[in-house]
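Here is what each chain is made of, one letter per residue.
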Amino acid sequence: MSLISITISGCGYVPTGSVTQGIRVDDIDLSGKSKAELHIALEQLGKEKNKPVTIVTDKTNTQATWKDLGILENISELEQDILSYGYEDDALTLLSNRFKALVYGKQFPYALKLDEVQAQAFLTEFAKTMDTPGHDAYLSVENGQVVLHPAKNGKRIDIAATMKALKESVATGNINTLSLVYTTENTVKVTDADLKSLTTVLASYTTSFDPSNTNRTNNIEIAANKMNGTLVKPGQNFSFNEVVGERTAEAGFDDAPVMIDGKLVPGIGGGICQVSSTLFNAALLSGMEIVERNPHFEPVGYIAAGRDATVAYGYLDFIFKNPYNQSVYVITSIFGGEVTIYIIGLGSDKPKSVDISVGGEKEIPHSTETRTDMTIEGGQVIEGHPGLTMVTTRHIVYGNGVTSTDTYESLYDPVNTIIIKGKPKPTTKSPTV
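Our subject in this report is the structure included herewith. (Residues numbered from 1 in each chain as written. Predicted model: local features only at pLDDT ≥ 70, side-chain atom pairs only at ≥ 80, totals over all residues. Heavy atoms only, no water.)

1. Some points on unusual backbone geometry
Here is step 1 of the chain: Backbone geometry places Asp27, a non-glycine residue, at a positive phi of 65°.
Here is step 2 of the chain: Assignment of secondary structure puts Asp27 in the loop between strand S1 (23-25) and strand S2 (28-29).
Here is step 3 of the chain: Although it is not a glycine, Asn143 adopts a positive phi angle of roughly 55°.
Here is step 4 of the chain: Within the secondary structure, Asn143 is located in the loop between strand S8 (138-142) and strand S9 (145-149). (Helix = DSSP H or I, 4+ residues; strand = E, 2+ residues; numbered from the N terminus.)

2. Quick look at the sheet that holds strand S3 (residues 53-56)
Here is step 1 of the chain: On the basis of which strands lie adjacent, the open sheet formed by 3 strands has the order S4-S3-S11 and mixed pairing. The sheet terminates laterally at strand S4 (62-64) and strand S11 (177-179), the two strands that pair on one side only. In this sheet, adjacent strand axes meet at a mean angle of 30° when their direction is disregarded.
Here is step 2 of the chain: Sheet topology places S3 next to S4; 3 bridges connect them, and they run antiparallel. (Pairing = 2+ DSSP bridges. Axes fitted to C-alpha atoms, helices over the stretch in contact; angles between N-to-C directions.)

3. Structural notes on the sheet that holds strand S13 (residues 200-208)
Here is step 1 of the chain: Reading across from one edge, S13-S21-S20-S14 is the order of the 4 strands in this open sheet, with antiparallel pairing throughout. On the outer flanks of this sheet lie S13 and strand S14 (230-232), each paired with one strand and no other. Sheet twist, expressed as the average angle between the axes of neighbouring strands with direction ignored, equals 20°.
Here is step 2 of the chain: Docked against the sheet, helix H9 (residues 214-227) engages S14, strand S20 (328-335) and strand S21 (338-345), running at close to 155° with respect to S20.
Here is step 3 of the chain: Here helix H11 (residues 272-286) sits on the sheet and contacts S13 and S21; the angle it forms with S13, its principal contact strand, is near 145°. (Contact = heavy atoms within 4.5 Å.)

4. What to know about the pairing of S3
Here is step 1 of the chain: Alternating positions in S3 separate cleanly, Val53 and Ile55 being buried on one face and Thr54 and Val56 remaining unburied on the opposite face.
Here is step 2 of the chain: Here S3 folds back onto S4, and the loop between the two strands holds 5 residues.
Here is step 3 of the chain: Looking at chain direction, S3 and S11 are connected through 3 bridges and run parallel. Paired with Thr54 across the two strands is Thr177, which belongs to S11. (Buried < 20%, exposed > 50% of the residue type's maximum accessible area, 1.4 Å probe, protein only.)

5. What about the environment of Leu38?
Here is step 1 of the chain: By the element assignment, Leu38 lies in helix H2 (residues 35-49).
Here is step 2 of the chain: Once residues lying within four places of it in the same chain are set aside, the contact partners of Leu38 are Val19, Leu30, Lys33, Glu79, Ile82 and Leu83.

6. Some details on the packing of helix H6 (residues 116-130) against helix H7 (residues 159-172)
Here is step 1 of the chain: In contact at an axis separation of 10 Å, H6 and H7 are set at 130° when each is read in the N-to-C sense. When the axes of H6 and H7 are compared, the pair comes out oblique. Once H6 is placed against H7, the crossing between them reads as right-handed. Residues Glu116, Ala119, Gln120, Leu123, Thr124 and Ala127 of H6 touch H7, and the partners they reach there are Ile159, Thr162, Met163, Leu166 and Lys167.
Here is step 2 of the chain: Tallied by class, the residues present in the contact of H6 with H7 amount to 6 nonpolar, 3 polar and 2 charged. (Parallel < 35°, antiparallel > 145°, perpendicular 65-115°, else oblique. Left-handed = near helix turned anticlockwise from the far one by under 90°. Nonpolar A, V, L, I, M, F, W, Y, C, P; charged D, E, K, R; others polar.)

Printed below as a string of structure tokens:
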């Protein structure tokens, strides 16, 4: 029997403006419903379907709302699709669709769409409570020996794969459950293979500090801990500021004296330069190429003049480059008022000898300034001091026998003596007899 004869003999195939016979959504028969009746039916279906989604995890299952997951209803579009099915402009398509719907049935999935930004934000935040952290391979120095501690893979939610599964569920309208997809990829950044050949202390350097100064000690510990475990690949630069980050209270740094215009004044991050100076010397002794180093405004007490390296986030950095064909690894240790920095590498890269000397000292005269301040009585003298220039020389014989001599200039500015003249002190009259 042809489509044309069926159409003529069966009034059920004549378009009526209502839902075509045989159309269903989630097995609910919507045949013959008017537009208003269809809207009510779809709204009721939405209320029945909008139930918490069970998130299946490898721990305890939990639930999330459609809003949490960014699942949005799209009833208006579904209504349009249903009402236009069997009412196509092309007669053959109209007849074919009506015949197939009547004989075989036509299923429409409940219309949903996904706010992917909201879904990804929810899953990313949720993952923080569900991920099982691993840890990188790392090295330590124990009794003078380098010890390798193997990496451990963690397990984290694969956001991209879970998003794909969620989108597929939304497309089919089957959103009762969402099974999280897990992966062990990218849970380890430094592998055993990265470190297994690094068995030798190329050099180390130690400076002392007063542990009773708790703020300064805290800053030294934070900076040292941020550097600890840094792998520097062949030809790669190590930037102190990039590794340690900005020295802010939000990052945990405390108020401690810092040098500004030749004076110790309270400021965030005091003590940081002791760590950078210690690193400078470890880098010198291990054969690193010094890319950027700046001396302090004036010599400091914890290290000899010419051996210091000051840093100021956004302004002054300490940077060294790994010149070897193998990675090097930075270890920091704080114990008993001492900070020690080790540079670990390949045994054959250990320098045969390193000689560091400081010489060529030249004094820079300072001046005397006279100022007037009528807010004080009498006068005041603020003693200055001369400046100093010197040259630090490193002569190194590398493990392969190659020799090199490098120099690093230091300029410590003079500080002028300041004489402040105030208003005259009041005279005291002798009592009359």
